[in-house]
Structures are given as structure tokens and as C-alpha cells.
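Coordinate inspection notes
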Amino acid sequence: MTVDNDHIYTFPDGYDGNTPLPLLMGFHACGNPIDQFINLTRGSAFEKEYVRAVGRSSDRGGCWNYNSDIAKVLRIYDDLMDNYCIDMDRVFASGHSSGAQMIVQILAHKSDAEHLNFKAVAPVAASDYGALQVSMPVMYIQGKNDTVRGGDGASTVARFRTANQCEMSSTPYSEVMGCQSSGKAVNPGCVSYSGCSEPTIWCSHDDPSYSNTSHGVPCFAIQAMYDFFTELP
């Protein structure tokens, strides 16, 4: 592990500096610690197989601000590409709430999106920041009764659907398994859109987590993200 004032990198035991490994970039939610995604992926296949990189937002309240923070995100990415053995064709991103919004905003700026060259993304509870400028494999996750966002994320999903040239029709995406959260059997509620240029998955779940707001990272999310990323060609 390498730890700096504004970022943390972790490396699996199999990292030898010669074999390129996939990278997961994680973006914390407002008020959450820098290592939110390190903790969320602890003990998972991400910890065992991926280099993980997380940054700290510059805002005093711990929220990501695109204009203030994009230079830092690009710097972290460039540092990883220049100094570590990363598979440049398998760079993935996930974020929660403010961190998910940061990912969506990156995709709304073509030059930054092309610089970071994400293979796929899995934002959790983002917001709509306008048209996306690149097509992108996505697993979008948000509670269907997210009381923080006041909706299920349909407008954000529509941006991905448009960017990926999807049809309106969808079919159940049964690859994501249910789980237990706060004594509740959680339904992931995932669908896969038809006719897309890139895989486009929407998981509209009913996990009540995050103080019963349904705004949190649901219990199925980390495994579902890993499976989604791994299955991409």
C-alpha cells in the first residue's frame, strides 16, 4: 500500500511490477473517508486481483467538485500509468453519491473521459449532469426509493442509454444475486437494455441502507461490479 495526503494505492499480493494488473479507481461519497472503497472491497476479488486507487476530494465537506478536483484525478491516473504496472485497457471506476457524480461529470467532458480511458464504470446514486460525450459500458446502481436523490436515477440512466445507443426495451439481468441487508431480503432489480453499442445495466434496488434512505452502496453491489467488469471482452 502507498498512502499520500490525498490518495491511497493498494496492490494485491500477486503484484510483481512486471505483469499488468487491472485498476479500480474509487470515489468516496460526501462526508465519507478517503478509503471508503478500500473498505467496501476489502476481502473481495478486487483486493486480490486489482490495483485499487482512491483519492480525497478537496472540498472541506468531503464532496467532489469537478472544477476543483479533475486535475487531481488526472494526476493520480497519470502517476499510476507512469510508475506502476497497470493494464491500461482495463481501468474501471466506481463511486458513491458525490463520487458517482464525479464519474458522470468526467463522462460529460470528452477530453477528460478520453484521457482516463475507463473500460467500464459502476456509479452508485449519481445525478444527471447532461449529455455524456462518450459511449461507456455501465452498471448503474441506485435505490428505487432513494430519498436523498428523490428518485430512482432514471434520468441518469437515460443519459447512458442515449450515449450507448440503446433501445427503450430491456430484459431482466439475472446475473446479480439478491442479498440480506438490515434483516431484509434485497431485490437488486437489475435490467439490461437491448440493442446497445455497449453493455448498459440498471439496478434499481430496494436495499434500505444508509440510514434507511436507500441511498447507500447496496449489499450486492461489489460482487456485481466485479462480475460485470470481469465479463467484459
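Residues numbered from 1 in each chain as written. Predicted model: local features only at pLDDT ≥ 70, side-chain atom pairs only at ≥ 80, totals over all residues. Heavy atoms only, no water.

**Topic: the packing of aromatic side chains**
Two aromatic rings, taken as a pair, are described by how far apart their centres are and by the angle between their planes. We count it as follows: Stacked, tilted and edge-to-face are the three classes applied to pairs of Phe, Tyr and Trp rings, where Trp contributes its six-membered ring and a pair requires centres within 6.5 Å; stacked means planes under 30 degrees apart, edge-to-face means over 60, and tilted covers the rest. Each helix is a run of DSSP H or I of at least 4 residues and each strand a run of E of at least 2, with the numbering of both proceeding from the N terminus. Think of it in three bands: with a 1.4 Å probe and only protein chains considered, a residue is buried below 20% of the maximum accessible area for its type, exposed above 50%, and partly exposed in between.
Scanning the model with the defined rule gives 12 aromatic pairs in all. When the ring of Phe46 is compared with that of Phe229, the centres are 6.2 Å apart and the planes differ by 70°; the resulting orientation is edge-to-face. Of this pair, Phe46 sits in helix α2 (residues 45-49) while Phe229 is found in helix α8 (residues 221-231), placing the two residues 183 residues apart along the sequence. For the pair Phe46 and Phe229, a shared accessibility class is recorded, and that class is buried.

**A look at the side chain of Ser127**
How we decide: Pairs of N or O atoms within 3.5 Å make up the polar contacts considered here, provided that, within protein, one atom can donate a hydrogen while the other can accept it, and that residues adjacent in sequence are counted only when both atoms are side-chain atoms.
Its location among the elements puts Ser127 in the loop between β6 (120-124) and β7 (138-143). There is a polar contact of 3.2 Å between the side chain of Ser127 and the side chain of Gln101. Engagement of the side chain of Ser127 in a polar contact is seen with the side chain of Arg149, the distance being 3.3 Å.

**Some words on the environment of Gln165**
Inclusion rule: By the convention used here, residues are in contact when the closest approach between their heavy atoms is within 4.5 Å.
The topology assignment puts Gln165 in the loop between α6 (154-163) and β8 (170-172). Each C-alpha atom, one on Gln165 and one on Ser197, is 5.9 Å from the other, the two residues being 32 residues apart in sequence. Apart from the residues lying within four places of it in its own chain, the contact partners of Gln165 are Gly195, Cys196 and Ser197.

**A few points about the packing of helix α3 (residues 66-83) against helix α4 (residues 98-107)**
Going by this rule: For helices, the fitted axis covers only the stretch in contact; all axes are lines through C-alpha atoms, and the angles between them, taken along N-to-C directions, range from 0 to 180 degrees. Roughly parallel means an angle under 35 degrees; roughly antiparallel means over 145; roughly perpendicular covers 65 to 115; every other angle is labelled oblique. Each residue is assigned to one of three groups, with Ala, Val, Leu, Ile, Met, Phe, Trp, Tyr, Cys and Pro labelled nonpolar, Asp, Glu, Lys and Arg labelled charged, and all others, Gly among them, labelled polar.
Relative to each other, α3 and α4 sit at 80°, their axes nearing to 11 Å. One finds that α3 runs roughly perpendicular with respect to α4. Packed against α3, whose contacting residues are Tyr66, Asp69, Ile70 and Val73, the element α4 presents Met102, Gln105 and Ile106 at the interface. Here the residues of the contact of α3 with α4 sort into 5 nonpolar, 1 polar and 1 charged.

**Some thoughts on empty space enclosed by the protein**
Note the following rule: A pocket, in this scheme, is an open set of points on a 1 Å grid over the protein atoms alone with protein on both sides within 12 Å along at least 5 of 7 lines, while a cavity is a set where a 1.4 Å probe fits but cannot get out; residues line either one if an atom lies within 4 Å of a point. Grid points are joined across faces, edges and corners, and a volume is the space filled by probe spheres set on the points.
Per the counting criterion, the structure on display carries 2 cavities of 30 Å³ or more. Lining the largest cavity are Met25, Gly26, Phe27, Ala53, Val54, Gly55, Trp64, Val73 and Ile76. Among the elements of the structure, β3 (21-27), β4 (51-55) and α3 are those that each provide at least two residues to the lining of the largest cavity. Its residues assigned to classes, the lining of the largest cavity comprises 7 nonpolar, 2 polar and no charged. Its volume calculated, the second largest cavity comes out at about 40 Å³. Looking at the second largest cavity, the residues that line it are Met139, Tyr173, Glu175, Val176, Ala224, Asp227, Phe228 and Glu231. Its residues assigned to classes, the lining of the second largest cavity shows 5 nonpolar, no polar and 3 charged.

These figures come from the coordinates and say nothing about function on their own.
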